[in-house]
Amino acid sequence: MRKPRPNHENGNFIFLSYPHKIDDLAYKYIEALQKEGYRVWFDTGL
């Protein structure tokens, strides 16, 4: 599965917090939001 990339641009965005044990599920939601045009920021390494 290709991992989505967080949005690091300035401006408004959605911040998504999730436990890393459900990465695959969270990535599906992130990709769906990004496809709809939302800018999503999420942690990739905590």
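To start, this report covers the structure provided alongside it. Throughout this description, residue numbers start from 1 for each chain and increase along the sequence as written. Per-residue local features of the predicted model are confined to residues with pLDDT of at least 70, and side-chain atom pairs are confined, for both listing and counting, to 80 or more; whole-chain, interface and lining totals are unaffected and use all residues. Side-chain figures throughout are based on the complete set of non-hydrogen atoms in the structure, without hydrogens or water.

Description of the overall build of the protein
Tallying secondary structure elements over the protein gives one helix and two strands in all. Counting helices and strands in the order they occur from the N terminus, the protein gives β-α-β. Taking as baseline every contact in the protein between residues at least 6 positions apart, the subset at least 24 positions apart corresponds to 72%. By element, 52% of the accessible surface of the protein is carried by carbon and sulfur atoms, the whole surface being about 3800 Å². Strands are runs of DSSP state E lasting at least 2 residues, helices are runs of H or I lasting at least 4, and numbering of each runs from the N terminus. Should any heavy atoms of two residues lie within 4.5 Å, those residues are considered in contact. Note on areas: Shrake-Rupley with a 1.4 Å probe; residue coverage comes only from the protein chains shown.

Observations regarding a nonpolar patch on the surface
Taken together, the side chains of Ile22, Leu25 and Tyr29 present a nonpolar region at the surface, about 300 Å² in accessible area. Examined against the element boundaries, Ile22 turns out to sit in the loop between strand E1 (14–16) and helix H1 (23–35). Judged by its relative accessible area of 36%, Ile22 is partly exposed. The patch calculation keeps residues exceeding 30% relative accessible area without a salt bridge and links them within 9 Å when they carry like charges or within 5 Å when they are nonpolar (Val, Leu, Ile, Met, Phe, Trp, Tyr). We count a salt bridge whenever a side-chain nitrogen from Lys or Arg sits within 4 Å of a carboxyl oxygen from Asp or Glu. Relative accessibility decides the category of a residue: with a 1.4 Å probe and only protein chains considered, values under 20% of the type maximum give buried, values over 50% give exposed, and everything between is partly exposed.

Considering H1
One less than the number of residues in a helix, times 1.5 Å, gives the span that helix is expected to have. In this model H1 runs 18 Å from its N-terminal to its C-terminal C-alpha over 13 residues, within 8% of the 18 Å that 1.5 Å per residue would give. Taken together, the buried positions of H1 are Asp23, Ala26, Tyr27, Ile30 and Glu31. Angularly, the buried residues of H1 cover 135° about the axis, an arc narrow enough to put them on a single face. Exposed residues pointing more than 90 degrees away from the buried face of H1 are listed as Lys28, Tyr29 and Lys35. Packed against the buried residues of H1 are E1 and strand E2 (40–42). As used here, the arc is the angular range of directions from the helix axis to the C-beta atoms.

Regarding the nonpolar core
If you look at the biggest cluster of nonpolar residues, it comprises six residues: Tyr18, Ala26, Tyr27, Ile30, Val40 and Phe42. Mapped onto this core, the elements with two or more residues apiece are H1 and E2. As used in this record, nonpolar core signifies buried Ala, Val, Leu, Ile, Met, Phe, Trp, Tyr and Cys residues forming a set joined through side-chain atoms within 4.5 Å.

Considerations on the environment of Arg5
In this fold, Arg5 is placed in the segment before E1. Relative accessible area serves as the criterion here: at 69%, Arg5 is assigned to the exposed category. Separated by 37 residues in the primary sequence, Arg5 and Phe42 place their C-alpha atoms 8.5 Å from one another. Aside from chain neighbours lying at most four places away, what touches Arg5 is Gln34 and Phe42.

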